[in-house]
Amino acid sequence: MRKIGIRALAAAALVLGWSVSAAAQEAPAVDTVRVGSGSVRGAVLEAGTYTLANYLRDDGDDTRISTTTQTVEGDSVGGVEVWVISTEHVSDDTTRSRITVRADDYSLVHHRVKGARDSTAVSANSEYLTGWVVLPDQPIALLDRVLEHPVFPVEGQIPWLFPLLPFAEGYSATVPHFNQWRGETSWKTIRVLGRETLEVAGTDFETWKIDGGELFSGYTVTYWVDRATRRIVRGVASGSGDGPVYWSELVD
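Residues numbered from 1 in each chain as written. Predicted model: local features only at pLDDT ≥ 70, side-chain atom pairs only at ≥ 80, totals over all residues. Heavy atoms only, no water.

Visitor: Break down the environment of Thr 207 for me, with residues and values.
Guide: Secondary-structure assignment places Thr 207 in strand β13 (residues 203-216). Here Thr 207 falls in the buried class, since its relative accessible area comes to 0%. Spatially, the C-alpha atoms of Thr 207 and Arg 231 are 9.4 Å apart, while their sequence positions differ by 24 residues. If we skip the residues at most four places from it in the chain, Thr 207 touches Gly 194, Arg 195, Glu 196, Leu 198, Trp 224, Val 225, Asp 226, Arg 227 and Val 233. Here the side chain of Thr 207 touches Glu 196 through a polar contact of 2.7 Å, landing on its backbone oxygen. (Helix = DSSP H or I, 4+ residues; strand = E, 2+ residues; numbered from the N terminus. Buried < 20%, exposed > 50% of the residue type's maximum accessible area, 1.4 Å probe, protein only. Contact = heavy atoms within 4.5 Å. Polar contact = N/O pair within 3.5 Å; in protein donor to acceptor, adjacent residues only side chain to side chain.)

Here you go:
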């Protein structure tokens, strides 16, 4: 899948019996997660391959529209330990991507994407980023800039970074990523909605239910993240009305 923002709990003000001091308490702080933040320090990706089937639900009927397979593996580049996240999204616009990040802080080293309609390749270190982007019906855009600090890459079809955050009841976070498609930083905000036991492909998973905010225009996404592996086992993107729903589920 390729995001519902934090709602104010206004209804709580209607509860009788709250003292003045309780009503004045602030909501839990939002964790701003940058490269080097303690929230991801020591977090470890789980190596392996898994596959999600992606569906469109319209008028009660589910149609499988694509399949996304992601492989995570450790490697070494120039003596630096890295994680490599390779993703193949098979659809009418099959897209393949490969993200390389430093193993110690998940900062971007290299990111390339090859699709039928758009492609990109960017490389970065702690101070500099360079690369190119091709979008439909547009000339090649070159990227060449100094960075104020190392950056996280855009996560792509299956988010893999935010599930590593220290989820807990009431936890919320915002994470900046360098978005080469836009040529700027984009922010992903998530919020823990609670814990839920979910059956997927005949297996029960103990999950964190996560509000992933806006996914694309008019649609917000909810993810269910396996608490053991920190992998997404289901995702549902829906609009405000009765229109189509897009959903994904672990199949392997």
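Visitor: Could you give me a rundown of the pattern of salt bridges, with the residues and numbers involved?
Guide: It is possible for side chains of opposite charge to pair when their charged atoms get near one another. Under the counting rule described, the total for this entry stands at eight salt bridges. With a closest N to O distance of 3.6 Å, Glu 169 and Arg 195 form a salt bridge. Of this pair, Glu 169 sits in the loop between β10 (152-153) and β11 (172-179) while Arg 195 is found in strand β12 (residues 184-200), placing the two residues 26 residues apart along the sequence. Residues Glu 249 and Arg 234 are paired through a salt bridge, measuring 2.5 Å at the closest nitrogen-oxygen approach. Here Arg 234 lies in strand β15 (residues 232-238) and Glu 249 lies in strand β16 (residues 245-250), a separation of 15 residues in the sequence. (Salt bridge = Lys/Arg side-chain N within 4 Å of Asp/Glu carboxyl O.)

Visitor: Tell me about the nonpolar core, and name the residues and values.
Guide: Within the largest apolar cluster, 41 residues are counted, with the highest numbers of intra-cluster contacts made by Tyr 106, Phe 162, Leu 165, Phe 167 and Ile 210. Those elements giving two or more residues to this core turn out to be β2 (48-58), β4 (80-90), β5 (95-102), β11, β12, β13, β14 (219-226) and β15. At five residues, β14 tops the list of elements feeding residues into this core. Apart from the residues within four sequence positions on either side, Tyr 106 is in contact with Val 40, Ala 43, Val 44, Leu 45, Trp 83, Val 101, Val 151, Phe 152, Pro 153, Trp 160, Leu 161 and Leu 164. (Core = buried A, V, L, I, M, F, W, Y, C linked by side-chain atoms within 4.5 Å.)

Visitor: For the pairing of strand β8 (residues 128-134), give the residues involved together with the corresponding values.
Guide: Only one face of β8 is covered, namely the one carrying Leu 129, Gly 131 and Val 133; the face carrying Tyr 128, Thr 130, Trp 132 and Val 134 has none of its residues buried. Pairing of strand β7 (residues 119-124) with β8 involves six bridges; the strand directions are antiparallel. Note on β8: the bridge partner recorded for Thr 120 is Val 133. Here β7 folds back onto β8 in antiparallel fashion, the turn holding three residues. Two strands pair when backbone bridges link them, and β8 and strand β9 (residues 141-146) are joined in this way by six bridges, in the antiparallel orientation. Opposite Gly 131, over in β9, you have Leu 143 as the bridge partner. (Pairing = 2+ DSSP bridges.)

Visitor: Outline the environment of Val 251, listing residues and values.
Guide: Structurally, the position occupied by Val 251 is in the segment after β16. The spatial distance from the C-alpha of Val 251 to the C-alpha of Ala 201 is 6.1 Å, given a sequence separation of 50 residues. Among all residues touching Val 251, those that are not within four sequence positions of it are Thr 51, Leu 52 and Ala 53.

Visitor: Please give an account of unusual backbone geometry that cites residues and values.
Guide: Positioned with a positive phi, Tyr 106 is a non-glycine residue whose angle comes to about 65 degrees. Within the secondary structure, Tyr 106 is located in the loop between β5 and β6 (108-114). For Tyr 106, a relative accessible area of 0% translates into the label buried. Phi angles above zero are rare outside glycine, and Ala 201 is one such case at about 55 degrees. Residue position: Ala 201 is located in the loop between β12 and β13.

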